[in-house]
Amino acid sequence: MRELTYVDALNEALHEEMQHDKKVIVLGEDVELAYVFGVTKGLKDKFGGDRVRDTPISELGFVGAAVGAAMAGYRPIVEIMFMDFIMLAMDPLVNQAAKLRYMLGGQLSIPLVVRTPGGGGVQYGPTHSQVLEAWFMQVPGLKVACPSDPADAKGLLKAAIRDENPVFFCEHKMLYKRKGPVPDGEHIVPFGVAAVKREGTDITLIGVGYQVQNCLQAAELLAAEGISAEVVDPRTVAPLDTATLAESVRKTNRCVVVEEGHLRSGVGAEISAAIQEEAFDYLDAPIGRVAALNAPVPFEPALEDYVLPNAGNVVEAAKKALGVIA
Amino acid sequence: MAKKPKPLSKKRLHEMYRDMLRIRRFEEKADELFMAGLVKGAVHVSIGQEACSVGVCSILNKDDAILTTHRGHGHSIAKGTRLNEMMAELLGRSTGLCRAKGGSMHIADVSMGHYGAHSIVGANMPMAAGIGLAYQLEKKKQVAVVFFGDGASNQGSFHESMNLCAIWKLPVVFFCENNSYAVSFGADRSTSVEDISTRAQGYNAPGVTVDGMDVVAVQEATLEAVDRARKGGGPSLIEAKTYRFFGHSRGDPHFGPYRTEAEVNKWRKRDPLILTENLLEMTKAEKNAHLENVDAEIEEATRFAENSPMATLESALEDVYA
């Protein structure tokens, strides 16, 4: 299979969907030149300045405008340059986009995609490094995707653009330049379907977004010690495919959930609760949770590494769940 | 220059009067039902501001958009929102426009170009810009009008939306009903300018202040702004100086700690209904005929609502996702 970077896979999805449906438009800061991360490159040249527009630095204004365009029948894709900036547009996303269909008794729908890179590892400091999927997965009316590799990035973005509901699409800066196989032809990954990214028998590692890569790396390290870890990627956290997660745990009887956000009220808390509800009798140990330490993401590389989860933390949590270490 | 508006025919002005009366009587009924405990939650009546609703909407086509606020009954009715289903929404019935999920503060009738009452102050302006963007992309001559109050003109959303509409020349009319109060906080203390219309200058857009109690003045200003928008001239800001005769919400006293009875009475002398009656030199018989006609419609809407079933509990979980 051909290999693409995560950025190129996203870019291909945008090109295909803009070609597929002329109601798809792209708005955001510096999207015309794809100046910052390059996800929107080539779109303006191909589809023109009407459909691909730079916006002023006014997240509240242009996310709200995207909601309005969706109300009037368009399918806007908004880029938020860094996930942290979405807080300037919480009202249009959470109070309006997520609730409008409901609040208006089903009179309209909001087919909106807000795509945005989150995550640390690049020394941008506390206000350019967050992952916020735990916040948005709480909101009825929103869907939340967290692709962990190029194939899912493409397939989930295409599904998001075709979805009639608002989608918060979490990309990750550490994944952008990673390469991976991407199927040729039409490739759509449905929401709410988890994927087993590596099969194993001794323990289930559930990762969210970029942390799936840490889980895969941890599984390699564990394999070297004779431990067979299964890595499962929910791919979307709203909707959340708890059935596939629980099925894996029923096989391995042990589980660690890994996310880059903070532990308290995090995605891991939700997943752990769901697994104990669905597979309590199969658990041989408490579910382990790995997450960022309880601090903003600091700038200095050693401090940043310390606060964010890594493969070593996952290995350690897995060994605790297996009773190998205390 | 926009074309000079044609002088209003007497017949047309009677129709506009009738629409203002429909708003007045609907809201008096809504207030009565609220005070009787039959309408729950909050009701923000716009009594006193009817000339704004009708003056603006009299210029719009069915396929033009409006977006309104928590104080949006008047705009809704003037845009042609179905009264039966609107009253049913206030009373929480299954036949309500929003299936009892929105209530008074979220009335919408998309089939009539009414894209919703948005009760987060200022939230509707970015959405209006987006609807304007859709119209521009469609190359249709539709316009979006967004209603908001003096309080909302201090929100970032107002400034961000004005800028966005100005740089993209979007067909959007910003209609500010300056009724002098954001709940209890006077515009003289909350707002940096006396005439909010002057804020348009910051966005290289035309801004005009009109008498919001004079339906003809509102209509003329709107005609010019709508005409400009349809021709690709971009956004305009109209500020209408108006007044709400009632309290802010929920049967609040009409005057009290933040405004005097004398002030309310001064504005009541300029009631838009009375001004229009004077303009039309309306006879008592004509007035009574209008009132009878309108009251029959409001009674019918109330009867429809009261005879409709309450919303089912199952419906509370419907329409979360498409």
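Residues numbered from 1 in each chain as written. Chains lettered and ligands numbered in written order. Predicted model: local features only at pLDDT ≥ 70, side-chain atom pairs only at ≥ 80, totals over all residues.

Visitor: Got a sec to walk through the overall build of chain B? Specific residues and values, please.
Guide: Of the regular secondary structure elements, chain B holds eleven helices and eight strands. Taking 2.2 N^0.38 as the reference for a compact globule, 322 residues should give roughly 20 Å; the C-alpha atoms of chain B span a radius of gyration of 19 Å, in line with that estimate. In terms of principal-axis extent, the alpha carbons of chain B reach across some 50 × 50 × 40 Å. Looking at chain B as a whole, 54% of its 322 residues qualify as buried. (Helix = DSSP H or I, 4+ residues; strand = E, 2+ residues; numbered from the N terminus. Rg over C-alpha atoms; globule rule 2.2 N^0.38 Å. Buried ≥ 20, exposed ≤ 12 C-beta atoms within 10 Å, placed from the backbone.)

Visitor: Go over the overall build of chain A, please, and point to the residues and values.
Guide: Looking only at helices and strands, one finds eleven helices and 14 strands in chain A. In terms of overall size, chain A behaves like a compact globule, its C-alpha atoms giving a radius of gyration of 19 Å where 326 residues would be expected to give roughly 20 Å. Each principal axis of the C-alpha distribution contributes one length, and for chain A these read about 60 × 45 × 40 Å. The burial tally for chain A puts 56% of its 326 residues in the buried class. Looking at chain A alone, contacts between residues at least 24 apart form 79% of all its contacts between residues at least 6 apart. (Contact = placed C-beta atoms within 7 Å.)

Visitor: Hey, could you go over the interface of chain B and chain A for me, with residue numbers and the actual values?
Guide: Facing the 33 residues of chain B at the interface are 33 residues of chain A. No other element matches the nine residues that helix α5 (residues 124–138) of chain B contributes to the side of chain B that touches chain A.

Visitor: Could you give an account of unusual backbone geometry, with specific residues and numbers?
Guide: For the bond from Ala-238 of chain A to Pro-239 of chain A, the omega torsion is 0°, close enough to zero to count as cis. Looking at the secondary structure, you find Pro-239 of chain A in the loop between β12 (236–238) and α8 (242–252). The residue Asn-253 of chain A is not glycine, and still its phi comes out positive at about 70°. Positionally, Asn-253 of chain A belongs in the loop between α8 and β13 (255–262). The residue Glu-281 of chain B is not glycine, and still its phi comes out positive at about 45°. Assignment of secondary structure puts Glu-281 of chain B in the loop between α10 (272–279) and α11 (284–307). The class for Glu-281 of chain B is exposed, based on 8 C-beta atoms found within 10 Å.

Visitor: I'd like a description of the sheet that holds strand β2 (residues 24–28) of chain A, backed by residues and values.
Guide: Residue and element names in this part refer to chain A. Taken in spatial order, the seven strands of this open sheet run β3-β2-β4-β5-β7-β6-β12, and their pairing is mixed. Of all the strands in the sheet, just β3 (52–54) and β12 have a single pairing partner and so form its edges. Direction aside, the axes of adjacent strands within the sheet are offset by 20° on average. (Pairing = 2+ DSSP bridges. Axes fitted to C-alpha atoms, helices over the stretch in contact; angles between N-to-C directions.)

Visitor: Explain helix α4 (residues 83–90) of chain B to me, using residue names and the numbers behind them.
Guide: All names here are of chain B. Counting buried residues along α4, six of its eight residues qualify, which places the element largely inside the surrounding structure. If you check which residues of α4 are buried, you get Glu-85, Met-86, Met-87, Ala-88, Glu-89 and Leu-90. At its buried positions, α4 is contacted by α1 (10–35), α3 (73–78) and α11. A positive phi of about 70° marks Gly-92, the residue just after α4.

Visitor: Before we move on, can you summarise the packing of helix α7 (residues 211–224) of chain A against helix α11 (residues 311–322) of chain A with the specific residues and values?
Guide: All names here are of chain A. Here α7 crosses α11 at 60°, and the two axes come no closer than 8 Å. With respect to each other, α7 and α11 are oriented oblique. Relative to α11, α7 is oriented so that their crossing is right-handed. Contacts between α7 and α11 pair Asn-214, Cys-215, Gln-217, Ala-218, Leu-221 and Leu-222 from the former with Ala-311, Val-314, Val-315 and Ala-318 from the latter. A class-by-class count of the residues in the contact of α7 with α11 yields eight nonpolar, two polar and no charged. (Parallel < 35°, antiparallel > 145°, perpendicular 65-115°, else oblique. Left-handed = near helix turned anticlockwise from the far one by under 90°. Nonpolar A, V, L, I, M, F, W, Y, C, P; charged D, E, K, R; others polar.)

Visitor: I'd like a rundown of the sheet that holds strand β4 (residues 172–178) of chain B, residues and numbers included.
Guide: All names here are of chain B. Across the sheet, six strands lie side by side as β2-β1-β3-β4-β8-β7; this open sheet has parallel pairing. Each edge of the open sheet is held by one strand with a lone partner, namely β2 (114–117) and β7 (207–211). Within the sheet, the average angular offset between the axes of one strand and its neighbour, ignoring direction, is 15°. The pairing of strand β3 (residues 144–149) with β4 spans six bridges and is classified as parallel. Looking at the pairing, Val-145 lines up with Val-173 of β4. Those strands touched by α5 are β1 (65–68), β2, β3 and β4, and its axis lies near 170° from that of β3.

Visitor: Would you mind going over the environment of Tyr-181 of chain B in detail, with residue names and values included?
Guide: Residue and element names in this part refer to chain B. Considering the arrangement of structural elements, one finds Tyr-181 in strand β5 (residues 181–182). Distance from Tyr-181 to Tyr-243, taken between C-alpha atoms, is 8.7 Å for residues 62 residues apart in sequence. Setting aside its immediate chain neighbours within four residues, Tyr-181 contacts Gly-186, Ala-187, Tyr-258 and Arg-259.

Visitor: So what's going on with the domain arrangement of chain A? Residues and values would help.
Guide: All names here are of chain A. When cut into domains, chain A gives domain 1 (3–181) and domain 2 (195–322). Centre-to-centre, using C-alpha coordinates, domain 1 lies 26 Å away from domain 2. Taken together, the 26 residues of domain 1 in the interface contact 24 residues of domain 2. If you tally residues by element for the side of domain 1 that touches domain 2, the top one is strand β6 (residues 143–145), at three residues. Partitioned by chemical class, the residues of the side of domain 1 that touches domain 2 number 14 nonpolar, nine polar and three charged. (Domains from an automatic or database assignment.)

Visitor: Mind laying out the environment of Ala-292 of chain A, listing which residues take part and the relevant values?
Guide: Residue and element names in this part refer to chain A. In this structure, Ala-292 sits in strand β14 (residues 288–292). As for Ala-292 and Val-258, which are separated by 34 residues in sequence, their C-alpha atoms are 9.3 Å apart. Not counting the four nearest positions on each side in its chain, Ala-292 is found in contact with Glu-260, Gly-261, His-262, Val-297, Val-307, Leu-308 and Pro-309.

Visitor: Tell me what's going on with the pairing of strand β5 (residues 113–118) of chain A, and back it up with residues and numbers.
Guide: All names here are of chain A. For β5, the tally of buried residues reaches six of six residues, placing the bulk of the element in the interior. Every second residue of β5 is oriented toward a common face, with Val-113, Arg-115 and Pro-117 on one face and Val-114, Thr-116 and Gly-118 on the other, all of them buried. The sheet contact formed by strand β4 (residues 75–79) and β5 spans three bridges and is parallel. By the bridge assignment, Glu-79 is partnered in β5 with Arg-115. Crossover connection from β4 via helix α4 (residues 90–103) to parallel β5: handedness right-handed. In the sheet, β5 pairs with strand β7 (residues 167–172) via six bridges, with the strands oriented parallel. Note that in β7 the partner of Val-114 across the bridge is Phe-168. (Right-handed = clockwise from strand over helix to strand, strands pointing away.)

Visitor: Describe the pairing of β7 of chain B, with residues and values.
Guide: All names here are of chain B. In this sheet, strand β8 (residues 236–241) lies alongside β7 in parallel orientation, the contact comprising five bridges. Residue pairing in the sheet places Val-208 in a bridge with Ile-238 of β8. One crossover worth recording links β7 to the parallel β8 by way of helix α8 (residues 215–230), and it is right-handed.

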